[in-house]
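# Observations on chain architecture
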Amino acid sequence: MKIYDPIEIQTRLPALERRPRRLRQSAALRAMVRETDLNPKDFVYPLFVRQGQGVRREIRSMPGVYQWPVDLLVGEVETIAKLGIPAVILFGIPEHKDPIGLENFAPDGIVQRAIRAIKQTTPEMVVITDVCLCEYTDHGHCGVLNTGPDRDPHLPEGYVLNDATLEILGRVAVSHAEAGADIVAPSGMIDGMVAAIRAALDGAGFQNTLILSYAVKYASGFYGPFRDAAESPPKFGDRKSHQMDPANAREALKEVTLDVEQGADLVMVKPALPYLDVIYRVRQAYPELPLAAYNVSGEYAMLKAAAANGWLDERTTVLEALTAIKRAGADLILTYHAKQAAAWLA
Ligand code: PBG
């Protein structure tokens, strides 16, 4: 034997005596050592509701996602329940829009009607409602705007007013709770929104209505298709005066801290895939906190488009993406893939 036989030397190296591939030999072994399990109970399915009956409308930029009339919605929710998905989040498309969004807190508003219908047919389904102004306002912004004769001269024209918006958010949350919502989810990144909603709910006797705060919501281009789905693009400007700068991660911890102090029961990071580091940081800082991540419309559209073109395998990439979100630290995933993923996991 040669003294410097490279094969002989390699097999003697202790590093090579450790063979991680042993654990990957078979599907059974891989399953035994898998660290992250994806389960339909981790999913929340977003649903868009609109007036009308008998026809659902597919959203152009989100194949397989529809705007539902209430009469068809209830059957869809039963299907979702049968797939083992425990919760839905509702977004309403109102009949009329106005500067403050009156239908948002109308007792017979579209979301209020949808909640009651779901609770009648599928009472065990956890109903979450998005609490924001943008779908309901004629200007498409997430709050009351600084405009008109009473405008504050110290703030820019068209600025989203913080405290005037809080009052409306409180009314919307109470109105959803009255209709039977289990969880309200304020999504506007308005300062103090969790405290205002908690106070309004408690004041109306809804101590047990939970708050899922969109605590860390970035001003993201990945919401593009949602604005088609909810018919809610801002008519001018953008949302950068309230949603977070995508460049910031430390600031996410400040936002979570504030919302937890104000009484948020669960918090969310949004979007999910471009922000896995943020999900991870929040999880490390708050090991005990129920954490959700929103796999948003643009993330969905990307995989659907690539799959439709035959560029990616949909099943593999969707399950991989959702597993990654959970691995990063999310307990719950709001995702338009939920139905399909639950069916694959069954
Ligand atoms: C605001 C809201 C938005 C989304 C959820 N709630 C849009 C926005 O902030 O512009 C986006 C969800 C998605 O893209 O899937 N009510």
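Residues numbered from 1 in each chain as written. Predicted model: local features only at pLDDT ≥ 70, side-chain atom pairs only at ≥ 80, totals over all residues. Heavy atoms only, no water.

## Things to note about the overall build of the protein
- On a plain count of helices and strands, the protein comes out with 13 helices and 12 strands.
- Buried residues in the protein amount to 51% of all 346 residues.
- A fraction of 73% describes how many contacts in the protein between residues 6 or more apart in sequence connect residues 24 or more apart.
- Approximately 16,500 Å² of the protein is accessible, and the part contributed by carbon and sulfur atoms is 54%.
- The distance from the centre of the 37 positive side-chain charges to the centre of the 43 negative ones in the protein is 9 Å. (Helix = DSSP H or I, 4+ residues; strand = E, 2+ residues; numbered from the N terminus. Buried < 20%, exposed > 50% of the residue type's maximum accessible area, 1.4 Å probe, protein only. Contact = heavy atoms within 4.5 Å. Areas by Shrake-Rupley, 256 points an atom, 1.4 Å probe, with all protein chains shown as cover. Lys, Arg positive; Asp, Glu negative; His and termini not counted. Charge placed at Lys NZ, Arg CZ, Asp CG, Glu CD.)

## Some remarks on the site of the ligand
- Not every one of the 18 residues close to the ligand is listed here, only the nearest: Lys217, Arg227, Lys270, Ser297 and Tyr336.
- Between the ligand and the protein, one listed contact pairs a nitrogen atom with a side-chain N or O atom of aspartate 130 at 3.0 Å.
- Arginine 227 places a side-chain nitrogen or oxygen 2.6 Å from an oxygen atom of the ligand.
- For the ligand, the accessible surface in isolation is 410 Å², of which the surrounding protein chains cover 100%.
- The set of elements that each furnish at least two residues to the shell around the ligand consists of strand 9 (210-217) and helix 8 (224-229). (Near = heavy atom within 4 Å. Polar contact = N/O pair within 3.5 Å; in protein donor to acceptor, adjacent residues only side chain to side chain.)

## Some thoughts on a nonpolar patch on the surface
- On the surface, a cluster of nonpolar side chains totalling about 370 Å² of accessible area is made up of Leu23, Leu29, Met32 and Val33.
- By the element assignment, valine 33 lies in the loop between helix 3 (27-32) and strand 1 (43-50). (Patch = residues over 30% accessible without salt bridge, like charges linked within 9 Å, V, L, I, M, F, W, Y side chains within 5 Å. Salt bridge = Lys/Arg side-chain N within 4 Å of Asp/Glu carboxyl O.)

## Some points on the nonpolar core
- One finds Leu47, Leu90, Val216, Val278 and Ile279 to be the most contacted residues of the largest nonpolar core, which totals 80 residues.
- If you tally residues by element for this core, the top one is helix 6 (residues 162-179), at eight residues.
- If we ignore the near neighbours within four places in the chain, the residues touching valine 216 are Met189, Met244, Ala252, Glu255, Val256, Met268, Val269, Lys270 and Val278.
- In terms of nonpolar packing, the next biggest core, distinct from the first, is built from 26 residues, Met268, Ala292, Tyr294 and Leu334 among them. (Core = buried A, V, L, I, M, F, W, Y, C linked by side-chain atoms within 4.5 Å.)

## Some points on the packing of aromatic side chains
- Across all of its chains, the model carries nine aromatic pairs by this definition.
- Their ring planes at 5° and their centres at 6.2 Å tell us that phenylalanine 48 and tyrosine 336 sit as a pair that is stacked. Here tyrosine 336 lies in the loop between strand 12 (332-335) and helix 13 (338-345) and phenylalanine 48 lies in strand 1, a separation of 288 residues in the sequence.
- By relative accessible area, phenylalanine 48 is classed as buried at 0%.
- Ring pairs connect the aromatic residues Phe48, Phe91, Tyr214, Phe226, Tyr294, Tyr300 and Tyr336, which therefore count as one cluster.
- Lying across the ring of phenylalanine 226, lysine 270 places its NZ or CZ 6.0 Å from the centre. (Phe/Tyr/Trp six-rings, centres within 6.5 Å; stacked < 30°, edge-to-face > 60°. Lys NZ or Arg CZ within 6 Å of the ring centre and 35° of its normal.)

## Quick word on the environment of alanine 247
- Relative to the assigned elements, alanine 247 resides in the loop between helix 8 and helix 9 (250-261).
- By relative accessible area, which is 65% here, alanine 247 ends up exposed.

## Some remarks on the pattern of salt bridges
- The final tally for this structure, using the stated rule, is 12 salt bridges.
- Where glutamate 76 meets lysine 339, a salt bridge forms, and the shortest distance between an N and an O atom there is 2.8 Å. Remark: lysine 339 occurs in helix 13 and glutamate 76 occurs in helix 4 (residues 70-82); sequence separation between them is 263 residues.
- Of the charged contacts, one joins aspartate 202 and arginine 198 as a salt bridge, the two residues approaching to 3.0 Å between their closest N and O atoms. Highlighted residues: aspartate 202 and arginine 198, both in helix 7 (residues 193-203), separated by four residues, approximately one helical turn.
- Residue classification places arginine 198 among the buried positions, given a relative accessible area of 14%.

## Considerations on the environment of leucine 253
- Within the fold, leucine 253 resides in helix 9.
- For the pair leucine 253 and valine 194, spaced 59 residues apart in sequence, the C-alpha to C-alpha distance is 16 Å.

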